[in-house]
Amino acid sequence: MNKPLLKKLIALAAIFATPLCAETALAAETAAGNNAAATATIKYAGSDFLSGDIENALKENVAKAANAPALEGEMIGSKSAVTQLRTGECDFVLVMEKGDPKSLFSELAEGKWRAIPIAYLVSYVAVPRSNGVNEVSFYELRGIFARYAENHITKWENTGVKIYPILGSRADSTANSFFQAIVFPQSPFLAQIRNTENDEGALQEASSSHEAIVVVSAPIASKFPTLKTLSVSEAQSPDEKKTAYSPTPANIYNRDYPLSVPFYVVYPVEKRAKIIPVLRAIFSNEFASTLQAQNLVPVPENIRENLKKSIDALGE
């Protein structure tokens, strides 16, 4: 084997030799038939949460590629999208799943499909900085926000002041519905919770109340300097000891911060070569900016860069 070829193979091996499951699976797939992506029509379906600006941004980013394929599809909801993927009506889907996708889709466990996280819907819990509390557990969140709880928590233990719970939008909004499903799936929200029209209104109200605890779907902006974000643990009782994690990008990606729901790109392995332009667009910095603008957390930049290197190597 000549030395230049050997060097290239070694370089490619270095890119693929990563402990991250998504990157390893992506890089390990065959590059055969990459040219099939050129000028093809790629069909998709996905979560209706991604319709509008995010869906349009994906199409625009794919269109920038040389010999860009046409994207056809609709964001019809995650369950319907997966059904279309199973029947062969689309080439990839963008779905929202709070559980382990391998336990939900047998095709993933069988190695027929791949699922790579692309972004996360995150709930943030905040209180005034004057409050000495720095972390909160599922048990405490349930006691504050759930209608049916083992123990309703109505006062701050450290001050004895009455708690004033606030939600950043309607209780039945997508973000709050997932917060509820994660923390107290067997109970609706407490009727006395203050619902505001949006996160901005909730944070503004919390800023002027020493008793407040607020749940929102966007990071606490610097324009609210009197508020702080709490770390969250999955402890289900006052006696259970579990680590509380802050909502950093790394903690969200590693699934340590518990109040997050991932979005995945899911595709059949046999369609891998065809959707390379889509994967490049999904992990681009431009698309990450669109996700952030819509209050979603993209996978960390270093992870995106490793994924892009894997994609580019296989697409050559």
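Residues numbered from 1 in each chain as written. Predicted model: local features only at pLDDT ≥ 70, side-chain atom pairs only at ≥ 80, totals over all residues. Heavy atoms only, no water.

### Quick look at the packing of aromatic side chains
- According to the stated counting rule, one finds seven aromatic pairs in the structure shown.
- Summarising the aromatic geometry, the rings of Phe-49 and Phe-263 are spaced 5.7 Å apart at their centres and angled 35° between planes, so their arrangement reads as tilted. Of the two residues, Phe-49 is situated in the loop between strand E1 (41-46) and helix H3 (53-63) and Phe-263 in strand E12 (residues 260-268); the sequence distance between them amounts to 214 residues.
- Exposure remark for Phe-49: the relative accessible area of 27% places this residue in the partly exposed category.
- Feature note: the residues Phe-145, Phe-179, Phe-184 and Phe-189 constitute an aromatic cluster, connected by ring pairs. (Phe/Tyr/Trp six-rings, centres within 6.5 Å; stacked < 30°, edge-to-face > 60°. Helix = DSSP H or I, 4+ residues; strand = E, 2+ residues; numbered from the N terminus. Buried < 20%, exposed > 50% of the residue type's maximum accessible area, 1.4 Å probe, protein only.)

### With respect to empty space enclosed by the protein
- One pass over the full model with this rule turns up one cavity of 30 Å³ or more.
- Within this model, the largest cavity holds a volume of roughly 40 Å³.
- Around the largest cavity, the lining residues are Leu-121, Val-122, Ser-123, Ala-175, Phe-178, Phe-179, Ile-182, Leu-259, Ser-260 and Val-261.
- Only strand E4 (113-122), helix H8 (174-183) and E12 provide two or more residues apiece to the lining of the largest cavity.
- With four residues, the single largest contributor to the lining of the largest cavity is H8. (1 Å grid on protein atoms, 1.4 Å probe; cavity = no way out; pocket = protein on both sides within 12 Å on 5 of 7 lines; lining within 4 Å. Points joined across faces, edges and corners; volume = space filled by probe spheres on them.)

### Points about the environment of Val-95
- Along the polypeptide, Val-95 turns up in strand E3 (residues 92-96).
- Remark: the alpha-carbon pair of Val-95 and Ala-81, spanning 14 residues in sequence, is separated by 7.5 Å.

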